[in-house]
Amino acid sequence: MRVAVVGATGAVGREILRVLEQREFPVSELRLYASARSAGRSLSFRGQEVTVEPLPETPLPADVVLASAGGGVSKQYAPLWAKESVVIDNSSAFRYDPEVPLVVPEVNPEAIRKHKNIIANPNCTTAILVMALFPLHRAFRARRVIVSTYQSASGAGASGMEELLEGTRSFLEGRPVEHRVFAHPLPFNVIPHIDTFQENGYTREEMKVLWETQKIIGDPTIRVSCTAVRVPTLRVHAEAVTVEFERPVSPEAAREVLRQAPGVDLVDDPAQRRYPLPITATGKFNVEVGRIRRSLAFDNGLDFFVAGDQLLKGAALNAVQIAELLASVPG
Ligand code: A2P
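Given the structure is predicted, the values throughout are model-derived calculations rather than measurements.

**Q** Let's hear about the pairing of strand 4 (residues 48-54): which residues, and what values?
**A** Pairing of strand 2 (residues 29-34) with strand 4 involves three bridges; the strand directions are parallel. The partner of tyrosine 33 across the bridge, within strand 4, is glutamate 53. Of the strand pairs in this sheet, strand 3 (residues 42-45) and strand 4 are connected by four bridges, and their pairing is antiparallel. The residue bridging leucine 43 from the neighbouring strand is valine 50, located in strand 4. Once strand 3 ends, the chain turns through two residues before running back antiparallel as strand 4, passing arginine 46 with a positive phi of about 50°.

**Q** Describe in detail the packing of aromatic side chains, supporting the description with residues and values.
**A** Per the counting criterion, the structure on display carries five aromatic pairs. Ring centres 6.0 Å apart and planes at 10° place the aromatic pair tyrosine 77 and tryptophan 81 in the stacked group. Of this pair, tyrosine 77 and tryptophan 81 both sit in helix 2 (residues 71-81), four residues apart, which is roughly one turn of that helix. Just as tyrosine 77 is buried, tryptophan 81 falls in that class too. Measuring from centroid to centroid gives 5.2 Å for tyrosine 96 and tryptophan 211, while their planes differ by 70°, and the two rings are edge-to-face. In this pair, tyrosine 96 sits in the loop between strand 6 (86-89) and strand 7 (118-120) while tryptophan 211 sits in helix 5 (residues 204-217), placing the two residues 115 residues apart along the sequence. Overall, tryptophan 211 belongs to the partly exposed group, its relative accessible area being 30%.

**Q** If you had to explain the site of the ligand to someone new, which residues and values would you point to?
**A** The full set close to the ligand counts 15 residues, and Thr9, Ala11, Ser35, Arg37 and Ser38 are the nearest of them. Between the ligand and alanine 158 there is a distance of 2.9 Å, counted from an oxygen atom to a backbone nitrogen or oxygen. Taken by itself the ligand offers 570 Å² of open surface, and the protein chains cover 70% of this.

**Q** Run through the sheet that holds strand 12 (residues 287-294), naming residues and quoting values.
**A** As summarised here, the arrangement of the six strands in space is 9-8-10-13-12-11, forming an open sheet in which the pairing is mixed. Two strands close off the open sheet at either side, each with one partner strand: strand 9 (223-227) and strand 11 (264-266). This sheet shows a mean twist of 25° between the axes of neighbouring strands, independent of strand direction. For strand 12 and strand 13 (residues 301-308), the ladder comprises five bridges, and the chain directions are antiparallel. Paired with arginine 293 across the two strands is aspartate 303, which belongs to strand 13.

Definitions and limits used
Numbering of residues begins from 1 in every chain and follows the order in which that chain's sequence is written. Predicted model: local features are reported for residues with pLDDT of at least 70 only, side-chain atom pairs are reported and counted for 80 or more only, and whole-chain, interface and lining totals are derived from all residues. Side-chain calculation: all heavy atoms of the structure are included, whereas hydrogens and water are not. A pair of strands is considered paired only if DSSP assigns at least 2 bridges between the two. Every helix listed is a DSSP run of H or I at least four residues long, and every strand listed is a run of E at least two residues long, numbered separately from the N terminus. Two aromatic rings, drawn from Phe, Tyr or Trp (for Trp, its six-membered ring), form a pair once their centres lie within 6.5 Å of each other, and the interplanar angle then sorts them: stacked below 30 degrees, edge-to-face above 60, tilted otherwise. Think of it in three bands: with a 1.4 Å probe and only protein chains considered, a residue is buried below 20% of the maximum accessible area for its type, exposed above 50%, and partly exposed in between. One heavy atom within 4 Å of a molecule or strand is enough for the residue carrying it to be called near that molecule or strand. Polar contact is the term for a pair of N or O atoms within 3.5 Å; when the atoms are in protein, one must be able to donate a hydrogen and the other to accept it, and sequence-neighboring residues count only if both atoms are side-chain atoms. Per-residue and other accessible areas were derived by the Shrake-Rupley procedure at a 1.4 Å probe size, with only the shown protein chains allowed to occlude residues. Working convention: axes come from line fits to C-alpha atoms, limited for helices to the stretch in contact. Angles between N-to-C directions cover 0 to 180 degrees.

What follows is the structure in structure tokens.
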């Protein structure tokens, strides 16, 4: 397939190149695009240097466009790209459009069949959540979900990581900590504010977890309430999750389900200090799930903890997996 990566110099774009390499995706031709600032730079792919081009005002010479340059760029250009290519869009620009499939390949691969040349890649927190939630939902039918997130700086892109590193240096050297990407200084802090506040008091990031979980799982009756918090880690979103199920459930039955679940690593041996951690989930394709226990608040309830590399399963890996589904469908 001829592949174009838009936003190739960004935090997700670079991961897309690595994932295409690691999974030996059948790339016949690769084109890289970023803003005019990066035009002329080159990035390495399979041992060769590929020049980054400025985004043209025309369709792209590609069978599949992997877009990760923000919602503004996608909104403006994806309909144009879709004339010649299938666009896998990492932004939220088209996720809630009923005509656009929102896909996590382990959960709803069949949804891609209805695509009209744009397929949306989910919000990173949601993609990681549904990896654990969906297999449990299938077995025990989830009714209510309460999630608190611990989201890393790279969720805000390469500039978020830089701001955390630079701010930490400043803090340790006794200089004032400056912030531009985050609403407050992030080093040695946690910030319960990701994306914009809505009229109902939730942030848009928190609402995305509800809207997207319902759409991906295909159940508009599942209720999800989220508190999204930025923490001073570089990579991986972790999530504390409480689920109330319709059917009786036990931690052991849940572990058995998760042991079989694709893309999930059960890491649940507290006595050996083994549980999901950003440090162990970094760079991993699979999402770690552990700390599984019976909820003390709900009958038929479970509490558990999830950690997933949001640049991978929450973004680049999921996008490449969608491209693999396309590549495997004839025509
Ligand atoms: P650039 O590196 O030239 O700014 P991140 O999410 O890490 O901030 O990355 C965003 C990606 O989107 C980068 O590759 C960035 O390129 C690219 N980008 C931002 N604005 C545009 C634009 N108007 N046209 C094309 N690419 C863009």
